[in-house]
Amino acid sequence: YRDGHVPGAVNVPLESLQDAPRLLTDKKAQLCLYCASGARSAMAAGMLRRMGYENCVNVGGIYNYSGDLEY
């Protein structure tokens, strides 16, 4: 995240995802998930779906992102 992230992104480490209901109150909101390679974001999407979040999208790894980054 410190090395660059999608503008406006919120960093929620996989090990803190159990706190999602406190951080993400709208379970119908679109959540675009990414990590370095796409593997952890895929796990996070599955975890969030099991918690009742309906619109989780794993967009893959930041290494494949071609847009501007925020530092």
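Just above sits the structure.
Residues numbered from 1 in each chain as written. Predicted model: local features only at pLDDT ≥ 70, side-chain atom pairs only at ≥ 80, totals over all residues. Heavy atoms only, no water.

A.B. asks: For this particular structure, what's the right way to read the packing of aromatic side chains?
C.D. replies: What describes a pair of aromatic rings is the distance from one ring centre to the other and the angle between the planes of the rings. As enumerated under the stated definition, the model contains 0 aromatic pairs in all. Sitting over the face of the ring of Tyr-53, Lys-27 holds its NZ or CZ atom 5.3 Å from the ring centroid. (Phe/Tyr/Trp six-rings, centres within 6.5 Å; stacked < 30°, edge-to-face > 60°. Lys NZ or Arg CZ within 6 Å of the ring centre and 35° of its normal.)

A.B. asks: Would you take a moment to explain a nonpolar patch on the surface for this structure?
C.D. replies: Residues Tyr-65, Leu-69 and Tyr-71 make up a contiguous nonpolar surface patch of about 340 Å² in total accessible area. Along the chain, Tyr-71 turns up in the segment after strand E2 (56–61). (Patch = residues over 30% accessible without salt bridge, like charges linked within 9 Å, V, L, I, M, F, W, Y side chains within 5 Å. Areas by Shrake-Rupley, 256 points an atom, 1.4 Å probe, with all protein chains shown as cover. Salt bridge = Lys/Arg side-chain N within 4 Å of Asp/Glu carboxyl O. Helix = DSSP H or I, 4+ residues; strand = E, 2+ residues; numbered from the N terminus.)

A.B. asks: Help me out: how do you make sense of helix H2 (residues 39–50) in this one?
C.D. replies: For an α-helix, the turn length of 3.6 residues means that residues three or four places apart are oriented alike. Compared with the 16 Å implied by 1.5 Å per residue over 12 residues, the 17 Å span of H2 between its first and last C-alpha is a close match. All of the buried residues in H2 are Ser-41, Ala-44, Ala-45, Gly-46 and Leu-48. Positive phi shows up at Gly-52, right after H2, with a value of about 100°. (Expected span 1.5 Å × (residues − 1). Buried < 20%, exposed > 50% of the residue type's maximum accessible area, 1.4 Å probe, protein only.)

A.B. asks: Help me understand the side chain of Ser-41 in this model?
C.D. replies: Among the secondary structure elements, Ser-41 is positioned in helix H2. Given a relative accessible area of 2%, Ser-41 falls into the buried group. There is a polar contact of 3.1 Å between the side chain of Ser-41 and the backbone oxygen of Gly-38. Within the structure, the side chain of Ser-41 is placed 2.5 Å from the side chain of Asn-58, a separation counted as a polar contact. Those residues in contact with Ser-41 that lie beyond four places of it in its chain are Leu-33, Tyr-34, Cys-35, Asn-58 and Gly-60. (Polar contact = N/O pair within 3.5 Å; in protein donor to acceptor, adjacent residues only side chain to side chain. Contact = heavy atoms within 4.5 Å.)

A.B. asks: Help me understand the pairing of strand E1 (residues 31–35), please; the structure alone is not making it clear to me.
C.D. replies: Along any regular strand, the residues point their side chains to alternate faces of the sheet. Here E1 shows a clear split, with Leu-31, Leu-33 and Cys-35 buried on one side and none of Cys-32 and Tyr-34 buried on the other. Inspection of the sheet shows E1 paired to E2 by 5 bridges, in the parallel sense. Bridge pairing in E2 links Cys-35 to Gly-61. (Pairing = 2+ DSSP bridges.)

A.B. asks: Any chance you could explain the side chain of His-5 here in plain terms?
C.D. replies: Positionally, His-5 belongs in the segment before helix H1 (20–23). The class for His-5 is buried, based on a relative accessible area of 6%. There is a polar contact of 3.0 Å between the side chain of His-5 and the backbone oxygen of Tyr-1.

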